[in-house]
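Structure assessment
Chain residues, written in single-letter form:
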Amino acid sequence: MDEQHDYLDRLARFVGETPWAAIPAQVLARTREILVDSIAVYATGMRAPELTALADRQIAAGMPGRAWVIGHGRTSNAQDAAMLNGIAGAWLDFDEGNTLANGHPGVQVIPAALAVAQERGASGRDLLAAIALSYEAVARIGRATRVKLIVNPHGTFGVMGAALAVARLSGMPASQLRNLASLAASSCMATNRHTMQDGATVRNWYAGHSAFMGQMAVRLAQAGFSGPKDGVNTTFSLVLGDGFEPEVAVQGLGEHWMLPEGYLKLYPTARYAHSAIDALFDALGRAPGGTVAPEAIERIDVRAYKMAAFLSNKAPRDWFGTRFSVPFALATLIVGGRDALAAFSNQAVADPHVQAVTAKVDLSEDPAFTAAYPATQRVDIAIRLKDGRTLEGRSDVTSGEPSRPHAPAALARKYLDLAEPLWGAARAAQLRDALMTIETCPDVSRLADFNP
């Protein structure tokens, strides 16, 4: 294949040239669902003291603009707003993701796309198309990459996805998007998963980097900067990955869509912990009343695939560390008495009952489970009680995956639980309705009559 018809050219032209009418209704419907979920997650993340402090500084130092800083109640220029929303979106680890894409395409793409659309006064239809198409491109790059275990996917593939979304909204000719994609892929971060193990919140900046650097990549390309011949392959086969398969990135392009195959979360933890949570609830379903007294537990044995077994920290130091601890997740849900966010709070970390159960969890990798991943995400759990009984549970497919979707009522409850404390019931409902009909909006900077 010559350069003009290679995989990267095909992806770039897919984003730049696909008309609205060619995007399946199922894809657009799922994009709206992701957008609704994401706005509430970003707004809640933005209320963290660190985010409030950063937003105050960034808005004061930057140029004004029309783009929402979601959850802060103010607007800013597109670059700063997108960066802040990206960080806030990753803050709680409550955002959308895609198992087959090796990451979280939504939070890499949506902050930049929304901010630029609002800055430019783009229509809701143009925004929705830009999100759907750039999500698809970045998800396919993620699927084609054998990501190094040490690499956190935020701030990597997403730079390219954000850049392509911004380019489409900015009217950049499709013929220039191949160079842009290569340039953007050469502007990724050297991220690492030790930030998760150490509870280091710099990890959340990675998604902000995608939103910021994606826009910067467009500016560089518009100014005449060039990328290498194939920055995507170089970065993801040699730098951040252990291999890259270009043919996988374009297999079924335009016919089979990855976007509807993503997941939304009901618990604010790393995705791999959700597999263990599902196995836990399967085991608890065998107990009278669906609960077990923490003091009745002798130990809990968990066998998992590698990525879930990686989350083995038994002593998270604060709320952020709880997002990446399977032992803690199991313990805090067994102890109970807190809602989804509160179960992974500093108060839960300090709870001696949670600490006692966490210490009883033995988490190990099962090579057979790892070999079957990601087609299945198997986790087995055995809760061994002091009276000699054992409660066994198993999860083969994590809840929220396409073959095991969440109930719509559960996702609606998540949105309301996050949105109503911030905006009140009436405004939360108003914003949700506006987002669910966003393709009818002529100017997304005026999507709602209040600034969320």
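Quick caveat, the model's predicted, so the values are computed rather than measured.

Brief notes about unusual backbone geometry
- A cis amide bond links Tyr373 with the next residue in sequence, Pro374, at an omega value of 10°.
- In this fold, Pro374 is placed in the loop between α19 (367-372) and β7 (379-385).
- Although it is not a glycine, Asp93 adopts a positive phi angle of roughly 55°.
- With respect to the helices and strands, the residue Asp93 is situated in the loop between α4 (78-91) and α5 (105-120).
- Classification of Asp93 as buried rests on a relative accessible area of 1%.
- At Asn102, a residue that is not glycine, the phi angle is positive and equals roughly 60°.
- With respect to the element layout, Asn102 can be found in the loop between α4 and α5.
- The exposure class of Asn102 is partly exposed, given its relative accessible area of 29%.

Comments concerning the pattern of salt bridges
- Scanning all chains against the criterion turns up 24 salt bridges.
- Taking the shortest distance from any N to any O, the salt bridge between Arg178 and Asp6 comes out at 2.5 Å. Highlighted residues: Arg178 in helix α8 (residues 177-185) and Asp6 in the segment before α1 (7-17), separated in sequence by 172 residues.
- Residue Arg178 is classed as buried on the basis of its relative accessible area, which comes to 7%.
- The exposure class assigned to Asp6 is buried, which follows from its relative accessible area of 12%.
- The shortest N-O distance in the salt bridge between Arg286 and Asp282 comes to 3.1 Å.
- By relative accessible area, which is 29% here, Asp282 ends up partly exposed.

Looking at the side chain of Glu136
- Within the element layout of this structure, Glu136 appears in helix α6 (residues 124-144).
- Residue class for Glu136 comes out buried when judged on its relative accessible area of 1%.
- Within polar-contact distance, the side chain of Glu136 engages the backbone nitrogen of Met258 at 2.7 Å.
- When near neighbours in sequence (up to four residues on either side) are disregarded, Glu136 contacts Phe14, His256, Trp257, Met258 and Leu259.

Focus: helix α2 (residues 25-46)
- Taking 1.5 Å of rise per residue, 22 residues should cover 32 Å, and α2 covers 31 Å from first to last C-alpha, within 8% of that figure.
- Within α2, 18 of the 22 residues are buried, which leaves it mostly tucked inside the rest of the structure.

Focus on the sheet that holds β7
- Taken together, four strands build an open sheet; the order of strands is β6-β5-β7-β8 and the sheet is mixed. Two strands bound the open sheet, and with one partner strand each, they are β6 (361-365) and β8 (390-395). Neighbour-to-neighbour, the strand axes of the sheet open up by a mean angle of 15°, direction not taken into account.

Criteria and cut-off values
Along each chain, residues carry numbers from 1 onward, in the same order as the chain's sequence is written. It should be noted that, the model being predicted, local features are given only for residues of pLDDT at least 70 and side-chain atom pairs only at 80 or more, the latter also being counted only at that level, while totals for whole chains, interfaces and linings use all residues. Values shown for side chains rest on all heavy atoms present in the structure; no hydrogens or waters enter the calculation. Put simply, DSSP H or I for four residues or longer makes a helix, DSSP E for two residues or longer makes a strand, and each gets a number counted from the N terminus. Exposure categories follow from relative accessible area, calculated using a 1.4 Å probe and restricted to protein chains: below 20% of the type maximum is buried, above 50% is exposed, and the middle band is partly exposed. Salt bridges are defined by distance alone: a side-chain nitrogen of Lys or Arg within 4 Å of a carboxyl oxygen of Asp or Glu. Polar contacts, as used here, are pairs of N or O atoms within 3.5 Å; protein pairs need one atom able to donate a hydrogen and one able to accept it. Residues neighboring in sequence count only if both atoms are side-chain atoms. Note on definitions: a residue-residue contact is assigned when non-hydrogen atoms from the two residues lie within 4.5 Å. Take the residue count of a helix, subtract one, and multiply by 1.5 Å to get its expected span. Whether two strands pair depends on DSSP finding at least two bridges between them. Orientation is described by axes fitted as lines to C-alpha atoms, over the contacting stretch for helices, and by angles from 0 to 180 degrees between their N-to-C directions.

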